[in-house]
Amino acid sequence: MARLSSFIRIAAPVFVLSAALAGCAEQPSRDSYVVFFDRESVTLSPVAQAVVTKAATAARAEHASVVRVSGSAGTNGDAAVLKELATSRAQTVATQLSNDGLGGARIEMTPYTPSELEDSHVALRRVSITIVPGH
């Protein structure tokens, strides 16, 4: 019984975070989406993939002219390594947007530097997607 209690105390925050992130994929269409990556990862989780697919669907529905993809890996560590990680994450998202049939929208990859307020480890493992509706 003690092992089960220990497991629940350790695993509960992970399950809560996963549920919260899954909720991001279930929201109605909007112009901004955030995709979270695991630490040191450039691979989309199933939840992250759902968020990217939702963004691609919204961009198609809005006849987006531009979709901006901005990756972040944080500010603590080797700047060159962090930049490469952020760029790889953004490229992963851009590739998935294309695979999801983004169509005529131009995908722009832009740099992102987190503010001092965004010092959480989760916030530093993200890619933002911004949809610019067509005119």
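Whatever comes next refers back to the structure up there.
Our subject in this report is the structure included herewith. What you see is a predicted model, and the numbers here were worked out from it, not measured in a lab.

## Let's talk about the pattern of salt bridges
Okay, so step 1: Inspection of every chain in the model, using the stated rule, returns 2 salt bridges.
Okay, so step 2: Across the salt bridge formed by Arg68 and Glu108, the nearest N and O atoms sit 3.3 Å from each other. Of this pair, Arg68 sits in strand β2 (residues 66-71) while Glu108 sits in strand β3 (residues 106-111), and the two are 40 residues apart along the sequence.
Okay, so step 3: Since its relative accessible area comes to 23%, Glu108 is described here as partly exposed.
Okay, so step 4: Between Arg106 and Glu108 there is a salt bridge, with its nearest N and O atoms 2.7 Å apart.
Okay, so step 5: With a relative accessible area of 48%, Arg106 lands in the partly exposed category.
Okay, so step 6: Beyond isolated ion pairs, a larger network of salt bridges with shared partners links Arg68, Arg106 and Glu108.

## Things to note about helix α3 (residues 79-99)
Okay, so step 1: Over its 21 residues, α3 extends 30 Å from the first C-alpha to the last, a length consistent with the 30 Å expected when each residue adds 1.5 Å.
Okay, so step 2: Turning to α3, the residues buried within the fold contact β1 (32-36), α2 (46-61), β2, β3 and β4 (126-132).
Okay, so step 3: Sitting at the amino-terminal end of α3 is Asp78, which places a side-chain oxygen 2.9 Å from the backbone nitrogen of Ala80.
Okay, so step 4: At the exit of α3 stands Gly101, carrying a positive phi of roughly 75°.

## Some points on the packing of α2 against α3
Okay, so step 1: Two elements in contact, α2 and α3, have axes whose closest approach is 9 Å; the angle formed by their N-to-C orientations is 55°. In this view, α2 runs oblique relative to α3, as classed from their interaxial angle. With respect to the hand of their crossing, α2 and α3 are arranged in right-handed fashion. Of the residues in α3, those in contact with Gln49, Val52, Ala55 and Ala56 of α2 are Val93, Gln96 and Leu97.

Procedures and definitions
Residues numbered from 1 in each chain as written. Predicted model: local features only at pLDDT ≥ 70, side-chain atom pairs only at ≥ 80, totals over all residues. Heavy atoms only, no water. Salt bridge = Lys/Arg side-chain N within 4 Å of Asp/Glu carboxyl O. Helix = DSSP H or I, 4+ residues; strand = E, 2+ residues; numbered from the N terminus. Buried < 20%, exposed > 50% of the residue type's maximum accessible area, 1.4 Å probe, protein only. Expected span 1.5 Å × (residues − 1). Contact = heavy atoms within 4.5 Å. Polar contact = N/O pair within 3.5 Å; in protein donor to acceptor, adjacent residues only side chain to side chain. Axes fitted to C-alpha atoms, helices over the stretch in contact; angles between N-to-C directions. Parallel < 35°, antiparallel > 145°, perpendicular 65-115°, else oblique. Left-handed = near helix turned anticlockwise from the far one by under 90°.

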